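Residue-level structure breakdown
Listed here are the chains, written in short residue letters.
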Amino acid sequence: MNYYSLHRKSPNTSFKNAVIEGLAKDRGIYFPENITPLSKDFIENIEQYSHEEIAFEAIKQFVGDEIPETVLKEIIKETVSFDFPVVEIEENIGTLELFHGPTMAFKDVGARFMSSCLAYFNRDNDKEITVLVATSGDTGGAVANGFLNAKGIKVVILYPSGKVSDIQERQLTTLGNNITALEVDGVFDDCQDMVKTAFLDKTIQRTLTSANSINVARWLPQMFYFFFAYKQLKKQNKELVFSVPSGNFGNICAGIMANKLGLPIKHFIAATNINDTVSNYLENGNYVPKPSKATISNAMDVGNPSNFIRIQELFNNDLMALKNKFSSYSFTDEITKKAMQSIFTESGYIADPHGAVGYLGLQKYDLEENEYGVFLETAHPVKFLDVVETTLPVSIEIPEQIKKVIGKEKVSLKIRTYEELKSSLNAE
Ligand SMILES: *Cc1c(COP(=O)(O)O)cnc(C)c1O
C-alpha cells in the first residue's frame, strides 16, 4: 500500500517508508492511497473470528506485501495478546477497557505494533534507527515498553521534569537497555519543540523517527479494538455510538477508519477537556489552534490535534458530512470529577479522568432508545492515582504490571537546552 502526504508536496511512498520516516519531507502526515471495505460476510460473521484474525483482516491492506503474511500474523499475535472487554455500567452504556496491556494504556497496542514493524524493516540494515519522542505521560511508558530490546532501534524519550505522575515516570525511566529517558527542565511543549527541532536539524547524525500517532504504524492498529467492541456488542442489535476521550485525535480517527472498512458505527463523539479547538471548529467553522492548557486528564492536553487533518480527509474536507457523523464536546475538570463521582455512586465503577470525559460525551449526545453507547477507558485509574483517590472514596489496588516498576530505580539524564539533546543524540 502506498501513502500520500496530506500536504501533497512530497511523492507518495510505501508503507515501509512511511513507518521509517514518520512524517513526509513536506512535513505532512501520511494517509493511505486506498481504503477498501471488508466483505459484508466477514462483518456479519465477526463473532466467529478470533481477535488475531479480525486484526489481520483489518490491517492487511494497509501493509500490503511489504511484510510477509506469516510475519504480520506473528506481529499481530503479540500486539493483541491481552483482553479488550466491554463492561456495561448502565443500561445501554458500556466502557471499552483498553488498559489491560503491559503499561495499562491503550497506546500499548500501537506502540507494540509499530516497534515490530520497524524492527522487521530494519532487520538487514546495520544502521541503527532512533525513535525520538516527547511525552506528557502515557506515550513514554507505552513506547519504552513496546520498543524494549527491539533490534537495531534506540529510543530516546523526553519528558517534563516533575510534570508526569510517579508511576508514569518509573515506566519510562527504569527499563534501561535501548531506552534512554531525558528529563527536561520545562513543560511538555518544551519537550515537543526540542523534538521538532531535532527532526529538522541536518547536523544530527542519526536516522530519526517519531513514535506518536502521526506514524501510520502506531495509528492504524488502533482500529482493532473498535472491531473487538463490535464483536462483543453485535448481539445487542443496537446502533453503536462511540465516545472517545481525545487529545491528538489518533484514536478516534482510527475508529472512523474502521467505519470506512464497513464496521457499522452510527456516530462518533470526540470528548475533550477544555482544550476545545475541534469543538469550536464544529461550532463556528474556524480552526484556531491554541497553546495547550493543563487539566486532570493530562494525556489529552493538546491544543492543535495532529490527526484532525486525517479526519477531515476521511470526510473529503466536507464540514457538513463530518458533522453528520461526528460531534465534539469539551468538559471542565470540575464536571469531569462530578462525572467520576456519579459513575461511582450509580454503578460502583471507577473511571479515570479520561474515561470520565468519554462518559460525559455520551451524556451530552443523549442516546436514543435504539442506540448503545460505548466510551473508551483509555487508561487504568491507577495511572492517575492522585486525582482518582482525591475524587472518589476508594483506594486502588496496585495491579501486577505497575508493581513491577514501583520498586525500580529511576535513571534519567537531565537536560535544559536543545544543544544538550543534540549532543546526547550525536554521542556514540
Ligand atoms: C493518549 C491518550 C489519550 C488521547 O488519545 P489521542 O489518540 O491522542 O486522541 C486519551 N487518554 C489517554 C489515557 C491517553 O494516554
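Just above sits the structure.
Within any chain, residue numbers begin from 1 and follow the written order of that chain's sequence. Local features in this predicted model are restricted to residues whose pLDDT is 70 or higher, and side-chain atom pairs enter the listing and the counts only when it is 80 or higher, whereas totals over whole chains, interfaces and linings include all residues. Think of the side-chain values as coming from all heavy atoms in the structure, minus any hydrogens and water.

What to know about unusual backbone geometry
Non-glycine residue methionine 104 carries a positive phi angle of around 65 degrees. Mapped onto the fold, methionine 104 is located in the loop between strand S5 (93–97) and helix H5 (107–121). If you check the backbone angles, asparagine 177 has positive phi at about 50 degrees while not being a glycine. Positionally, asparagine 177 belongs in the loop between helix H7 (166–173) and strand S8 (179–184). Whether a residue is buried, partly exposed or exposed follows from its accessible area with a 1.4 Å probe, protein chains only, as a fraction of its type maximum: under 20%, in between, or over 50%, in that order. Accessibility expressed as a relative area gives 63% for asparagine 177, which makes it exposed. Comment: elements are numbered from the N terminus, with helices defined as DSSP H or I runs of at least four residues and strands as E runs of at least two.

Comments concerning helix H16 (residues 353–365)
The first and last C-alpha atoms of H16 sit 19 Å apart over 13 residues, in line with the 18 Å expected at 1.5 Å per residue. With eleven of its 13 residues buried, H16 lies for the most part within the structure. Listing the buried residues of H16 in full gives Pro353, His354, Gly355, Ala356, Val357, Gly358, Tyr359, Leu360, Gly361, Leu362 and Tyr365. One or two positions beyond H16, positive phi appears at aspartate 366, with a value near 65 degrees. Residue count minus one, scaled by 1.5 Å, sets the expected span of a helix.

What to know about the sheet that holds strand S2 (residues 13–14)
What the three strands build is an open sheet, ordered S2-S1-S3; its pairing is antiparallel. The outermost strands of the open sheet, each flanked by one partner alone, are S2 and strand S3 (30–32). DSSP bridges decide pairing: two strands pair if at least two such bridges lie between them. Two elements, strand S1 (residues 2–5) and S3, share three bridges in a ladder whose sense is antiparallel. Opposite tyrosine 3, over in S3, you have proline 32 as the bridge partner.

Quick word on the site of the ligand
One heavy atom within 4 Å of a molecule or strand makes the whole residue count as near it. Around the ligand, 15 residues are found, and the nearest of them are Lys107, Gly247, Asn248, Phe249 and Thr378. In the analysis that follows, any N or O atom pair within 3.5 Å is treated as a polar contact, provided that within protein one partner can donate a hydrogen and the other can accept it, and provided that, for residues neighboring in sequence, both atoms belong to side chains. Residue aspartate 138 places a side-chain N or O atom 3.0 Å away from an oxygen atom belonging to the ligand. The separation between an oxygen atom of the ligand and a polar main-chain atom of phenylalanine 249 is 2.9 Å. Working definition of accessibility: Shrake-Rupley area with a 1.4 Å probe, residue cover restricted to the visible protein chains. The fraction of the free accessible surface of the ligand (380 Å²) that becomes covered by protein chains is 97%. Its residues placed into classes, the shell around the ligand shows six nonpolar, seven polar and two charged. The nonpolar class holds Ala, Val, Leu, Ile, Met, Phe, Trp, Tyr, Cys and Pro. Asp, Glu, Lys and Arg form the charged class, and all remaining residues, Gly among them, are polar.

Overview of the packing of aromatic side chains
Stacked, edge-to-face and tilted are the three classes for Phe, Tyr and Trp ring pairs, Trp counted by its six-membered ring, which pair at centre distances within 6.5 Å; planes under 30 degrees apart are stacked, over 60 edge-to-face, the rest tilted. Under the counting rule described, the total for this entry stands at 19 aromatic pairs. Considering the side-chain rings of phenylalanine 31 and tryptophan 219, the 6.3 Å spacing of their centres and the 35 degrees angle between planes classify their relative orientation as tilted. Placement of the pair is phenylalanine 31 in strand S3 and tryptophan 219 in helix H9 (residues 216–219), with a sequence separation of 188 residues. Like tryptophan 219, phenylalanine 31 is buried. Through pairs of rings, three or more aromatic residues link up here, namely Phe82, Phe84, Phe106, Tyr225, Phe226, Phe228 and Phe242. Only when the NZ of Lys or the CZ of Arg is both within 6 Å of the ring centre and within 35 degrees of the ring normal is a charge said to sit over the ring. Here the guanidinium or amino end of lysine 73 rests over the ring plane of phenylalanine 56, the centre of that ring lying 4.7 Å away. One cation-aromatic arrangement involves arginine 123 over tyrosine 120; the distance from NZ or CZ to the ring centre is 4.0 Å.

Some words on the side chain of lysine 325
The topology assignment puts lysine 325 in helix H14 (residues 319–325). A polar contact of 3.3 Å, which involves the side chain of lysine 325, links it to the backbone oxygen of lysine 266. Not counting residues within four places of it along the chain, the set of residues in contact with lysine 325 comprises Asn259, Ile265, Lys266, His267, Phe268 and Phe315. The contact definition used throughout considers only heavy atoms, calling two residues in contact when any of these lie within 4.5 Å.

Focus on the packing of helix H3 (residues 51–63) against helix H10 (residues 224–233)
Put simply, H3 and H10 touch, their axes get as near as 9 Å, and they point 130 degrees apart. The angle between H3 and H10 falls in the class oblique. The interaxial crossing formed by H3 with H10 has right-handed handedness. Judged by residue contacts, His51, Ile54, Ala55, Ala58 and Ile59 of H3 engage Phe224, Phe227, Phe228 and Lys231 from H10. Whenever a helix is involved, its axis is fitted only over the stretch in contact; in every case the axis is a line through C-alpha atoms, and angles between N-to-C directions fall within 0 to 180 degrees. The labels follow the angle: roughly parallel below 35 degrees, roughly antiparallel above 145, roughly perpendicular from 65 to 115, and oblique for the rest. Two helices that cross are described as forming a left-handed crossing if the nearer one is turned anticlockwise from the farther one by less than a right angle, and a right-handed crossing if clockwise.

Quick word on the state of the cysteines
The term disulfide is used for any two cysteine sulfur atoms that are within 2.5 Å. Per the counting criterion, the structure on display carries zero disulfides. Distance from the sulfur of cysteine 117, which forms no disulfide, to the nearest cysteine sulfur (cysteine 253) is 18 Å. For cysteine 117, a relative accessible area of 0% translates into the label buried. Residue classification places cysteine 253 among the buried residues on the basis of a relative accessible area of 0%.

Details of the environment of threonine 173
As for its placement among the helices and strands, threonine 173 is situated in helix H7. If sequence neighbours within four positions are ignored, threonine 173 has contacts with Tyr159, Ala181, Glu409, Lys410, Val411 and Ser412. Here glutamate 169 takes part through its backbone oxygen, which lies 2.7 Å from a polar atom of the side chain of threonine 173.

Quick word on the nonpolar core
Among buried residues, the Ala, Val, Leu, Ile, Met, Phe, Trp, Tyr and Cys ones that are joined through side-chain atoms within 4.5 Å form a nonpolar core. Residues Phe15, Met223, Tyr225, Phe227, Ile311 and Phe326 are the most contacted members of the largest nonpolar core, which totals 102 residues. Leave out the neighbours within four places in its chain, and phenylalanine 326 touches Phe249, Ile252, Ile256, His267, Phe268, Ala270, Val278, Leu282, Phe308 and Ile311. Counting residues in hydrophobic clusters, the runner-up holds 29 residues, among them Met104, Tyr329, Tyr365 and Val394.

Comments concerning a negative patch on the surface
Residues with no salt bridge and a relative accessible area higher than 30% make up the patches, which join like charges within 9 Å and nonpolar side chains (Val, Leu, Ile, Met, Phe, Trp, Tyr) within 5 Å. Criterion for a salt bridge: a side-chain nitrogen of Lys or Arg within 4 Å of a carboxyl oxygen of Asp or Glu. Counting rule for charge: Lys and Arg are taken as positive, Asp and Glu as negative, and neither His nor the chain ends is counted. The atom standing in for a charge is NZ when the residue is Lys, CZ when it is Arg, CG when it is Asp and CD when it is Glu. Residues Glu52, Glu53, Glu74 and Glu78 make up a contiguous surface patch of negative charge. Contributions of two or more residues to the negative patch are made by H3 and helix H4 (69–79). Following the sequence through the fold, glutamate 53 ends up in helix H3. Owing to a relative accessible area of 40%, glutamate 53 belongs among the partly exposed residues under this scheme.

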